Amino acid sequence: MDDLSNYPLELTGDDVPMVRFMKVTKRYGDLTVLDKLDLDVAEGEMVTVIGPSGSGKTTVLRMLMTLETINEGVIYVDGQPLTHMAKGGKLVPADRKYLRKMRSQIGMCFQHFNLFPHMTALENCMEGPVQVLGMKKAEARERAEELLELVGMSDKRDQHPSRLSGGQQQRVAIARALAMRPKVMLFDEVTSALDPEVIGEVTNVIRSLVNEHNLTMLMVTHQMGFAKDISDRVCFFFDGKIEEQGTPDELFGNPQKERTQQFLSAVKEAD
Amino acid sequence: MSYLDFLKEYGPRFWDGALVTAGQFLLATALAIAIALTAGLMKLSRNRIVHGAAVVYIEIFRGTSLLVQLYWIFFVLPLFGITLEKFTAGFVAVGMNLGAYGAELVRGGIQSVPKGQWEAAYALSMSPAKRMWRIILPQAFVNMLPPWGNLLIELLKNTALVALISVSDLMFEAKQINGSTFLSAQTFGTALIIYYILARFIVTPFMRWLELVMRRKLGRA
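Residues numbered from 1 in each chain as written. Chains lettered and ligands numbered in written order. Predicted model: local features only at pLDDT ≥ 70, side-chain atom pairs only at ≥ 80, totals over all residues.

**Side note on the overall build of chain A**
Regarding its fold elements, chain A presents nine helices and twelve strands. Taking 2.2 N^0.38 as the reference for a compact globule, 271 residues should give roughly 18 Å; the C-alpha atoms of chain A span a radius of gyration of 19 Å, in line with that estimate. Overall, the C-alpha framework of chain A stretches about 55 × 50 × 40 Å when taken along its three principal axes. When the 271 residues of chain A are sorted by exposure, 44% land in the buried category. Excluding contacts between residues fewer than 6 apart, the proportion of contacts in chain A whose partners are at least 24 apart in sequence is 65%. (Helix = DSSP H or I, 4+ residues; strand = E, 2+ residues; numbered from the N terminus. Rg over C-alpha atoms; globule rule 2.2 N^0.38 Å. Buried ≥ 20, exposed ≤ 12 C-beta atoms within 10 Å, placed from the backbone. Contact = placed C-beta atoms within 7 Å.)

**Let's talk about the interface of chain B and chain A**
Across the boundary between the two partners, chain B contributes 18 residues, which contact 20 residues of chain A. Those elements giving two or more residues to the side of chain B that touches chain A turn out to be α5 (115-123) and α6 (128-158) of chain B. When residues in the side of chain B that touches chain A are grouped by element, the largest group, six residues, is from α5(B). Of the residues belonging to the side of chain B that touches chain A, the class tally is eight nonpolar, five polar and five charged. (Nonpolar A, V, L, I, M, F, W, Y, C, P; charged D, E, K, R; others polar.)

**Observations regarding the pairing of strand β1 (residues 19-28) of chain A**
All names here are of chain A. In terms of strand pairing, β1 meets strand β2 (residues 31-41) through seven bridges, oriented antiparallel. Across the sheet, residue K26 finds its bridge partner in β2, namely L34. For β1 and strand β4 (residues 72-77), the ladder comprises five bridges, and the chain directions are antiparallel. Note that in β4 the partner of T25 across the bridge is E72. (Pairing = 2+ DSSP bridges.)

**Section: the UniProt feature "domain: ABC transporter" (unreviewed entry) in chain A**
The UniProt record annotates "domain: ABC transporter" (unreviewed entry) at residues 19-264 of chain A. Here residues 19-264 of chain A runs as 37% helix and 28% strand, with 27 Å between its end C-alpha atoms. (UniProt positions renumbered as here; feature names shortened; annotations may be inferred.)

This is the structure we're talking about:
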């Protein structure tokens, strides 16, 4: 069993990362999906996770969103433990209320968008701010309109998701997540369910977020070209571990590990 | 006596009976919806006691005869100090019985909402109650409307049983008229037609309309 007293109650110092995974292990029964993962993401950094399916890369995002529990280790967000809380000078598993408070700092976009079908694009973006942050409707509407403008969806704001294309839905979903003013944004294969011709409209939105906003982002993707373009750092996952990581130039240009080379050449062939 | 004369003579009593039937139907429906929602949500609870209470309720009211339940509520409950007026006992019995069936529809409707919707609401940090009320139930509601249409027609027809505890509904009036005129074919024929009209031309079109409205809200229509 993991001894929680080995982990600090909070992270302090000058260079506290926005996100820190500390010896995080995730198992499903006998299957170990993530094995003592250590991963830091600095504030404002864009980190991309690549790797073969089943390598645990989506699990990393889902654990950060607290959609999955963790078996061992601690995750910190902005220096505070995410999955645990300090109680009587010790870390204990977080209760629901604490989890809800902590995860409100994190926004997530899903592969299948998951917009609320009974609400318009605008209402989708107002739902969180009004219902969770307790914002006034007029203020939430103003912010939602700004964000829809940012993702280029202003003209469709009164449409329901069923009237929007996949690319448009995903852009609204990005605006919906941003409306909560998260410190960390997670993108889980956000272009995988899209038709090739609309992938660009979503990647352009993400690109503009990277260039113009100081958001910390963690992205799982199968689009190597896109990852290479916009990431500060790329992590190659294999078998529940980070096999290799580095800047896009290092990882794509000169991979050191054999598995990384194999994966990248297999992906290249598929393209 | 021609059928027209028969209607002239007894029409007002059929009308009165139909109004009572409509009242029983509306009140029993309201009760059934409230019970279905409560028991359906309870059945999804992870708390064993809450879950168990819903299962027991559904088993009892779905697994035994509505007529016996009606008699229990009207004749047996007074022995325990709970006396209900016959009109109340009537719609309470029908509502509680159909509510048990409705609970399964609510449960199924909620479970039919894709997992991604739960996750998206969770990712927005919504509380479980708000997630259920604002995100899951509105979508579950649309999914369960067609089976609810069937259930409400069933409920309407089941209200005829309240005649057996002397609630003066359509069936009760028909029995009375038959008793004094012995015109069985005309009497029960008329009752049949009125039940059919209520179901086919009021309940069904209303449910269709509701479905359309809800689908429009989802932007599907």
